[in-house]
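Fold and contact review
Each chain, letter by letter, is given below.
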Amino acid sequence: KLVNNFVKKMIDEKYEILPAYDGQEVINLINNNQNYKIECLLLDLNMPKVSGFQVLDYFQEHNLFKEIPVSIITGEDSKDMINKAFQYQIVDMLVKPFSAEDVKRVVNKTISFHEM
């Protein structure tokens, strides 16, 4: 929740935020989303119930990376975890601690990814 609130404060003026507090909520938001065009997903790898990696697997199985660009936010910075995350079609990765400028940069990069 703390990271969600921080990110929301950094970018809320420009974008509407749909927060999810676990991986299953992320999947539900994507599946039940008729009212919004989701322009990017900032995904924490360490979430309850359904992990970030399980969400990435879901994206891969359903070919969603082409529709919704994904960047990772994580407190885990082991080389193995980073390498595993980049096995997926993610745009970028932010490792905690990060600044407001870092968040804005990654959000803008992620949103504009399909325009490149």
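A brief look at the structure comes next.

Thresholds, definitions, all that
Residues numbered from 1 in each chain as written. Predicted model: local features only at pLDDT ≥ 70, side-chain atom pairs only at ≥ 80, totals over all residues. Heavy atoms only, no water. Buried < 20%, exposed > 50% of the residue type's maximum accessible area, 1.4 Å probe, protein only. Helix = DSSP H or I, 4+ residues; strand = E, 2+ residues; numbered from the N terminus. Core = buried A, V, L, I, M, F, W, Y, C linked by side-chain atoms within 4.5 Å. Contact = heavy atoms within 4.5 Å. Axes fitted to C-alpha atoms, helices over the stretch in contact; angles between N-to-C directions. Parallel < 35°, antiparallel > 145°, perpendicular 65-115°, else oblique. Left-handed = near helix turned anticlockwise from the far one by under 90°. Nonpolar A, V, L, I, M, F, W, Y, C, P; charged D, E, K, R; others polar. Salt bridge = Lys/Arg side-chain N within 4 Å of Asp/Glu carboxyl O.

A few words on helix 3 (residues 52–61). Gly52, Phe53, Val55, Leu56, Tyr58 and Phe59 are the residues of helix 3 that are buried. Where helix 3 terminates, the next one or two residues include Asn63, which has phi positive at roughly 55°.

By size, the foremost hydrophobic cluster in this structure holds 25 residues, and its most contacted members are Leu43, Val55, Leu56, Phe59, Val70 and Ile90. Contributing elements (two or more residues each) for this core: helix 2 (23–31), strand 1 (41–44), helix 3, strand 2 (70–74) and helix 4 (79–85). If you tally residues by element for this core, the top one is helix 3, at five residues. Sequence-distant contacts of Ile90, defined by excluding residues within four places in its chain, comprise Leu56, Phe65, Val70, Ile72 and Ala85. Of all hydrophobic cores here, the second largest spans nine residues; its members include Cys40, Ile73, Val107 and Ile111.

This brings us to the packing of helix 2 against helix 3. Direction vectors running N to C along helix 2 and helix 3 enclose 30°, while the axes themselves pass 9 Å from each other. Taken as axis vectors, helix 2 and helix 3 run roughly parallel relative to one another. As helix 2 packs across helix 3, the resulting crossing turns out to be right-handed. Between helix 2, through Gly23, Val26, Ile27, Ile30 and Asn31, and helix 3, the contact on the second element is made entirely by Val55, Tyr58 and Phe59. Split by residue class, the contact of helix 2 with helix 3 holds six nonpolar, two polar and no charged.

Take the pattern of salt bridges next. Here the structure, examined in full by the defined rule, presents four salt bridges. Its salt-bridge partner being Lys96, residue Asp44 comes within 3.5 Å of it at the nearest N-O pair. You can see Asp44 sitting in strand 1 and its partner Lys96 sitting in the loop between strand 3 (93–95) and helix 5 (100–111), a full 52 residues away along the chain. For Lys96, a relative accessible area of 31% gives the class partly exposed. Here Lys109 ties to Asp92 by a salt bridge, and the two come within 3.2 Å at their closest N and O atoms. With Lys109 in helix 5 and Asp92 in the loop between helix 4 and strand 3, this residue pair connects regions lying 17 residues apart in the sequence. Of the residues examined, Lys109 reaches a relative accessible area of 33% and is grouped as partly exposed.

Honestly, that's just the spatial picture; any functional story needs more than this.
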